[in-house]
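# Chain and residue survey
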Amino acid sequence: MKIPSFRPERSGVEKSLTSQHGAAPPPPADVRDSSTSLRFGRNDRWRKWARWTLLTSGTFFAAAWIGLKFVPIPAALEHPSIQSRELLDRRGQTLREVRVEERFTRPVPFEEIPLNVVRAMLAAEDKRFFRHAGVDVLATARAVWISARRGHITSGASTITQQLVKIAEHRPRTLRTKIIEAVTAIRLEQLWTKDEIFAAYVNRLDFGNLNVGIASAASYYFGKPLADLSDAEAAFLAGLPKNPRKLNPHLARVAAQRRQQTVLRRMQEAGWLSDDTFSRAMQEPLHLLAPRRVFGAPHFVDLVLRDLSKDAPATIQTTLDLDLNRFIEASVREHLEKLRRQNVRNAAVVVIDNASGDVLALVGSENYFAPGTGQVNGAWARRSPGSTIKPFTYLLALERGATPATVFADVPAIFATSTGGYQPENYNHRCYGPMRMRMALGNSLNIPAVRALASIGGAPVLAERLRAWGITTLDQPAEHYGLGLTIGNAEVRLLELTNAYATLARLGEWHPYRLVEGTNIEPRTSNTEPRSAECAWLIADILHDNSARMISFGANSVLRFDFPVACKTGTSTDFRDNWAMGFTPEFTVGVWVGNFDGTPMHDVSGVSGAGPILHAVFEHLHAQHGTTWYETPASIVEREVHPLTGKLLTRAGTDRVGEKFLAGQLPGEESAADYDDAGKIKLGPEYDAWLASAENSLPTRAIADESARNSLRLVAPMPGTVFLLDPDVPTSRQVPLLATGGAHLVWKSATLSCAESDGQTHAEIAEGEHRITVSDPATGERAETWIRVKAL
């Protein structure tokens, strides 16, 4: 009900008094009572309205305050910001940064964000961030006023806290969304400190080109950590999140710099830059890096990532020496370029630090990005190792009582195996007669290596040692490989074989190779032989002896160094793979050269293919880090032996050679029975055919032992030998028949045809089981054997 206003007319006297005295006389009593009543009624209503307003407002704000407690924080903020994985080399150089959720990011705590970066971000996005409670009322009011005047929204006035909520939980851009984000921002400010909010914001912000977080952006655009950013660089980065696509520095450099200048002016207006500092920052040239991603040692990094667990740290310190790896990459490219005409297209190299097992370098191919096979990792591919297995065979022989002077007959021979007769040949298809272990290993002769393996129990013994020393590719029973295991008929991986050689370099102490720093290693020996370390030392001594390999490699091959290096090469059948392995006490290097598709190279052996790369790597290691050699163990003694018998000398003569032995494990002494009347060495019946051949290089030094010839002895095939007929190989039907003890031996079989050609008797075989006899007409002696023939 509207209350009428009441104002009585004043009388002329009253007016006069008023005019004379400045005040009107009091109204009559009835009028005065009526005015007071009206005034009191009006005040009462205002009090009620005020109480209601206060109560309602208080209730609203109390409810809002209580309600804020139930406002959920975006789930994404309950977890650390995403972090890409960075792999570093052993000196901290970045090898690769691995994307997470298709982004690169390096979160940093607030304490590591420099002040100029903080101010640049505040100037760009929210200068009153540290003074509001999540929503900037002044900025919001100004935005509303400007938008109303212009008829459209010009600015959202979102604070950093609101933007963080927006990043963490994407919603359609509506008024309702803005209200939710504002309320959530206020709640977040109640729960988190300003420092936490700011750090979470700059670590989740998109800076373009797949960079999330300002630390990732600083590294990508300027190649710097945050602490090294200038004011101009900090302002440049702070401006990018406004529109990372339109402000992409690689495509819109001018627009990005205009935005940078805006940020710098705001920093000056806020009092964060002096006039001089502002002027210098505006004029500072920006040196942006070209678009790129660090991608060092790609095959090595792929191996590391393959074995990483999900809970691995974001920053991983690897064992790799990036500078060494780059040197090897260049060496591989340079050497392969020289071998193109011989159909050589790829190579792989591994370098291991012997003391720790750290893989210092791993190059898996010439070019990781080459079409087709570039990403095949030659350090991990399964390839035939050729003669690189031989040192392990001779090590086992030493552990079982042989010596470096033990003589193995390098003459043609057929060995009985569970799968048939096995007849190895030397690399150059010729034989050299009696060969001491040192010479047999140094010159990488196949037949003596097979004899050595047969003498210690065959393939099971060697396979057991290779598996114990980390060769994981021997996934067949030992009998599947047979005696050919020692000359490389199984497959190995370069990385694992290099680590097995590193075990030799550690004198029998094996432990796994390491790709990541901090991995705990438990060194252990893999055998119980009491003198295995000294035996490994003898193998190292043989492999670094350049004079021991002169027959096959000459005096000045790439395996000759001006400092001690133990070396061994290997070449697989048909030149499909070739290898060079080497070690010093400090380093072990393995090199493979070949083609990933298995096509053969043209007459490229281990010494000409892989050897030059091995030589270049060791020259580099020696120059950069230094290498040494082993001290001679106290248990090693030196004695002179006869080069053809390996026996200790007891008589004067010029045929002598020095050799090293384990004390207490010396060879026997020679006797008069070892010589004929002319002083020539008498060789056993296994040498008869060789002595009578054109390959005999000892006509003035050795002679057949006639006393051993008087007894008939069957050499091959041994009873029970199984032969396999291969229709694609015509020569698989011919089996050599060998025996000693007579000048004119006669071979017969009821089911097979035996014939002589080129001075060698063969049997033409067919499927089934066959018996073969040999007899000496002069003495009447007779021997018999039997074989079984199967078709493939």
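To start, this report covers the structure provided alongside it. (Residues numbered from 1 in each chain as written. Predicted model: local features only at pLDDT ≥ 70, side-chain atom pairs only at ≥ 80, totals over all residues. Heavy atoms only, no water.)

## What to know about the side chain of Gln260
The residue Gln260 is located in helix α10 (residues 253–269) in this model. Here Gln260 is in contact with Ala232, Ala235, Phe236, Ala281 and Leu286, once residues within four sequence places are set aside. (Helix = DSSP H or I, 4+ residues; strand = E, 2+ residues; numbered from the N terminus. Contact = heavy atoms within 4.5 Å.)

## Some remarks on a nonpolar patch on the surface
A grouping of Leu175, Ile179 and Val183 is seen on the molecular surface, where their side chains present a nonpolar patch of about 280 Å² in accessible area. Considering the arrangement of structural elements, one finds Leu175 in helix α6 (residues 175–191). Assessed through its relative accessible area of 65%, Leu175 is described here as exposed. (Patch = residues over 30% accessible without salt bridge, like charges linked within 9 Å, V, L, I, M, F, W, Y side chains within 5 Å. Areas by Shrake-Rupley, 256 points an atom, 1.4 Å probe, with all protein chains shown as cover. Salt bridge = Lys/Arg side-chain N within 4 Å of Asp/Glu carboxyl O. Buried < 20%, exposed > 50% of the residue type's maximum accessible area, 1.4 Å probe, protein only.)

## Here we look at unusual backbone geometry
You will see that Ala297, though not glycine, has its phi angle at about 45 degrees, which is positive. Following the sequence through the fold, Ala297 ends up in the loop between α11 (275–283) and α12 (298–307). The class of Ala297 is buried, set by a relative accessible area of 3%. Despite not being glycine, Ser444 has its phi angle at roughly 55 degrees, a positive value. Topologically, Ser444 is positioned in the loop between α15 (437–442) and α16 (446–455). Judged by its relative accessible area of 9%, Ser444 falls in the buried class.

## Examining the sheet that holds strand β2 (residues 94–98)
Pairing within the open sheet is mixed, and its three strands lie in the order β2-β1-β5. Strands at the two margins of the open sheet, each flanked by one partner only, are β2 and β5 (315–317). Sheet twist, expressed as the average angle between the axes of neighbouring strands with direction ignored, equals 15 degrees. Two strands pair when backbone bridges link them, and strand β1 (residues 85–88) and β5 are joined in this way by three bridges, in the parallel orientation. (Pairing = 2+ DSSP bridges. Axes fitted to C-alpha atoms, helices over the stretch in contact; angles between N-to-C directions.)

## Quick look at the pairing of β2
Both β1 and β2 contribute to a ladder of four bridges, which runs antiparallel. Note that in β2 the partner of Glu86 across the bridge is Glu97. Count of turn residues in the β1/β2 antiparallel hairpin: five residues, of which Gly92 carries a positive phi of about 95 degrees.

## Brief notes about the nonpolar core
With 82 residues, the main nonpolar core has Phe300, Phe392, Tyr394, Leu485, Leu497 and Phe583 as its most contacted residues. The contact partners of Leu485, leaving out residues within four places of it in the chain, are Ile389, Ala459, Leu462, Ala463, Leu466, Leu474 and Ala490. (Core = buried A, V, L, I, M, F, W, Y, C linked by side-chain atoms within 4.5 Å.)

## What to know about the packing of aromatic side chains
Tallied over the full model, the rule gives 16 aromatic pairs. Between Phe295 and Phe369, the ring centres sit 5.5 Å apart and the planes meet at 45 degrees, which makes this aromatic pair tilted. With Phe295 in the loop between α11 and α12 and Phe369 in the loop between β7 (359–363) and β8 (382–383), this pair connects stretches of sequence that are 74 residues apart. We classify Phe369 as exposed; its relative accessible area is 58%. Ring geometry for Phe392 and Trp469: centres 5.9 Å apart, planes at 80 degrees, overall edge-to-face. Taken together, the residues Phe392 in helix α14 (residues 390–399) and Trp469 in the loop between α17 (459–468) and α18 (478–481) connect sequence positions 77 residues apart. Trp469 shares its class with Phe392; the two are buried. Among the aromatic residues, ring-to-ring pairing joins Phe110, Phe129, Phe130 and Phe198 into one connected group. The lysine or arginine in question, Arg293, covers the ring of Phe104, its NZ or CZ lying 3.8 Å from the ring centre. Over the ring of Trp380 we find Arg493, and its NZ or CZ is 4.3 Å from the ring centre. (Phe/Tyr/Trp six-rings, centres within 6.5 Å; stacked < 30°, edge-to-face > 60°. Lys NZ or Arg CZ within 6 Å of the ring centre and 35° of its normal.)

Interpretation in functional terms is not warranted from these geometric data alone.
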